[in-house]
Amino acid sequence: MSNKIHLSAPHLGEYERTFVEEAFSTNWVAPLGPNVDAFEKELAQYSGAAGAVVLSSGTAAIHLALRLLDVQPGDYVFCSTLTFVASANPILYQGANPVFIDSEPETWNMSPLALERAFAEAKRSEKLPKAVIVVNLYGQSADMDPIMEICNHYQVPVIEDAAESLGATYKEKQSGAMGKLGIYSFNGNKIITTSGGGALISDDLDALDKARFWSTQAREPAKHYQHQEQGYNYRMSNVLAGIGRGQLRVLGDRVDARRKVFQSYVERLAKIEGVEFMPEASYGKATRWLTAMTIDPTIHAISPYEIIDKLELQNIETRPVWKPLHLQPLFKNCEYYPHIEHESISDTLFARGLCLPSGSNLSEDEQEKVLINLESVLQSGKFILE
Ligand SMILES: *Cc1c(COP(=O)(O)O)cnc(C)c1O
């Protein structure tokens with residue numbers, strides 16, 4: 001375990017302990033408390049949104065966002081297909097139907113072309129969605145302007161799933177702050193962590209108050225326990241919020257470190273024929289939460305799966321790119337809109353893609369070990385050209 005090179009390991013700074021110890025010494029170990037309030041303020045400030053609610057997970061934040069937008073059984077919700085299952089599971093919690101939208105090749109994020117076709121079709125068949133979940137993949141914001149333009153035209157609100165893109169920007173704005181509601185995750189593998197946690201951000205403070213109310217069992221103001229609406233136990237604890245406050249202070253350093261890791265991969269691997277990296281769009285700054293590359297199967301005989309197995313033998317963790325949700329058995333009956341008819345970009349990215357160890361605490365020696373092994377595996381897997 002100790003000398004394994006992980007895809008994305010937690011990386012604590014020097015302030016977390018102080019905030020956590022404060023929680024202990026004042027006996028604020030319960031949910032809610034001063035760290036929770038402060039973390040919400042600091043996070044809102046960082047994101048540029050008017051407010052934030054910190055929660056037990058990013059998934060919980062998406063669930064509350066969908067409920068705020070009145071997503072009900074039988075409703076439709078559009079969602080990026082190239083993502084972790086947590087983006088879409090809450091659609092099922094609400095009994096609604098996901099409709100999956102492909103990626104564009106330029107950013108790997110939601111394709112405005114596919115989105116436009118999905119909307120036109122939904123309009124014709126009177127199945128307009130209640131919400132659109134736009135995922136910002138691997139630390140890069142989706143191209144929000146054209147996406148927002150389409151959604152505004154159809155008057156459908158956007159939830160920005162910024163679980164992987166905290167710290168990234170889109171045209172000078174923070175990733176996550178462009179939709180009606182935005183969500184972050186502080187799971188252990190994300191760019192900053194509270195061991196487990198999430199947040200909902202918005203400019204709509206009434207909506208956030210409602211989310212706060214639902215997240216604490218929807219307890220009505222009364223001396224006895226009075227309940228009128230269904231609630232959840234989704235709040236973040238005061239101890240974990242202390243970790244979050246410390247982590248937020250080092251977020252800028254974490255972004256720089258991950259971008260540097262990415263740069264070192266590019267310097268060595270980009271010159272290999274048939275190897276490409278997830279492109280960075282000029283509209284903003286990506287965090288490179290994970291370095292993701294593709295391997296052209298017409299040049300390399302070795303598949304991402306074989307590479308993953310070979311590196312595993314060296315104690316190096318690598319992973320395929322997310323398996324698109326429209327390919328998952330769980331969602332086999334859901335509609336799907338590819339980038340161009342009969343041309344699915346996410347299918348190709350899944351078939352060719354590989355995520356490399358990208359932690360902000362990855363040492364130079366560790367990265368060198370990854371590089372040497374990758375270079376040798378790719379060299380051995382090359383077709384011998386006559
Ligand atoms: C991690 C992640 C989530 C879920 O966050 P949790 O805090 O683990 O519930 C949602 N969406 C995406 C894209 C993620 O990567």
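Rules used throughout
- Residues numbered from 1 in each chain as written.
- Predicted model: local features only at pLDDT ≥ 70, side-chain atom pairs only at ≥ 80, totals over all residues.
- Heavy atoms only, no water.
- Buried < 20%, exposed > 50% of the residue type's maximum accessible area, 1.4 Å probe, protein only.
- Helix = DSSP H or I, 4+ residues; strand = E, 2+ residues; numbered from the N terminus.
- Arc of directions from axis to C-beta.
- Contact = heavy atoms within 4.5 Å.
- Core = buried A, V, L, I, M, F, W, Y, C linked by side-chain atoms within 4.5 Å.
- Pairing = 2+ DSSP bridges.
- Axes fitted to C-alpha atoms, helices over the stretch in contact; angles between N-to-C directions.
- Phe/Tyr/Trp six-rings, centres within 6.5 Å; stacked < 30°, edge-to-face > 60°.
- Lys NZ or Arg CZ within 6 Å of the ring centre and 35° of its normal.
- Near = heavy atom within 4 Å.
- Polar contact = N/O pair within 3.5 Å; in protein donor to acceptor, adjacent residues only side chain to side chain.
- Areas by Shrake-Rupley, 256 points an atom, 1.4 Å probe, with all protein chains shown as cover.
- Nonpolar A, V, L, I, M, F, W, Y, C, P; charged D, E, K, R; others polar.

*Asks:* Could you clarify how one ought to interpret helix α11 (residues 345-352) in this entry?
*Replies:* For an α-helix, 3.6 residues make a turn, and residues three or four places apart therefore share a direction. Of the residues making up α11, those classed as buried are Ile 345, Ser 346, Leu 349 and Phe 350. On an axial view of α11, the arc spanned by its buried residues comes to 135 degrees, and they lie on one face. Where α11 is buried, its residues touch β11 (291-295), α10 (304-313), β12 (319-320), β13 (335-337) and β14 (353-356).

*Asks:* How should the nonpolar core be read in this particular structure?
*Replies:* Residues Phe 39, Leu 43, Trp 108, Tyr 138, Tyr 184 and Phe 186 are the most contacted members of the largest nonpolar core, which totals 34 residues. For this core, the secondary-structure elements that each account for two or more residues are α2 (34-47), β1 (51-55), β9 (198-202), α8 (238-249), α9 (251-269) and α11. For this core, the element with the most residues is α2, which contributes four residues. The contacts of Trp 108, once residues within four sequence positions are left out, are Leu 82, Ser 103, Leu 137, Tyr 138, Met 278, Pro 279, Ala 292, Thr 294, Val 321 and Leu 349. Ala 65, Cys 79, Ala 88 and Phe 100 belong to the second-largest nonpolar core, a separate cluster that totals 33 residues.

*Asks:* Quick question: what am I supposed to make of the sheet that holds strand β10 (residues 275-277) here?
*Replies:* In a beta sheet, neighbouring strands pair by backbone hydrogen bonds and run either parallel or antiparallel. Spatially, β10-β11-β14-β12 is the arrangement adopted by the four strands of the open sheet, whose pairing is antiparallel. With one partner strand each, in any of the chains shown, β10 and β12 form the two edges of the open sheet. Where β11 and β14 come together, four bridges link them in antiparallel fashion. Bridge pairing in β14 places Met 293 opposite Leu 354. Each of β10, β11 and β14 touches α9; the most contacted strand, β10, lies at about 155 degrees to it.

*Asks:* What am I meant to see in the packing of aromatic side chains here?
*Replies:* In this description, an aromatic ring pair is defined by two values, namely the gap between the centres and the angle between the planes. Enumeration over the complete set of coordinates arrives at 10 aromatic pairs. An aromatic cluster is present here, built from Phe 84, Tyr 138, Trp 289 and Trp 322 joined pairwise through their rings. In this arrangement the basic side chain of Arg 67 is found over the ring face of Trp 214, its NZ or CZ atom lying 4.0 Å from the centre. Residue placement shows Arg 288 over the ring face of Phe 262; its charged tip is 3.6 Å from the ring centre.

*Asks:* I tried to follow the site of the ligand on my own but got confused; where do I start?
*Replies:* The full set close to the ligand counts 15 residues, and Gly 58, Thr 59, Glu 164, Ser 185 and Lys 190 are the nearest of them. In the model, an oxygen atom of the ligand is placed 3.4 Å from a nitrogen or oxygen of the Gly 197 main chain. Expressed as a share of its isolated accessible area of 380 Å², the protein-covered part of the ligand is 93%. Here the shell around the ligand is composed, by residue class, of four nonpolar, eight polar and three charged.

*Asks:* How should the side chain of Ser 175 be read in this particular structure?
*Replies:* Within the element layout of this structure, Ser 175 appears in the loop between β7 (173-174) and β8 (181-185). Only 2.7 Å separates the side chain of Ser 175 from the side chain of Ser 165, close enough to count as a polar contact.

Bear in mind that shape data such as this cannot, by itself, settle questions of function.
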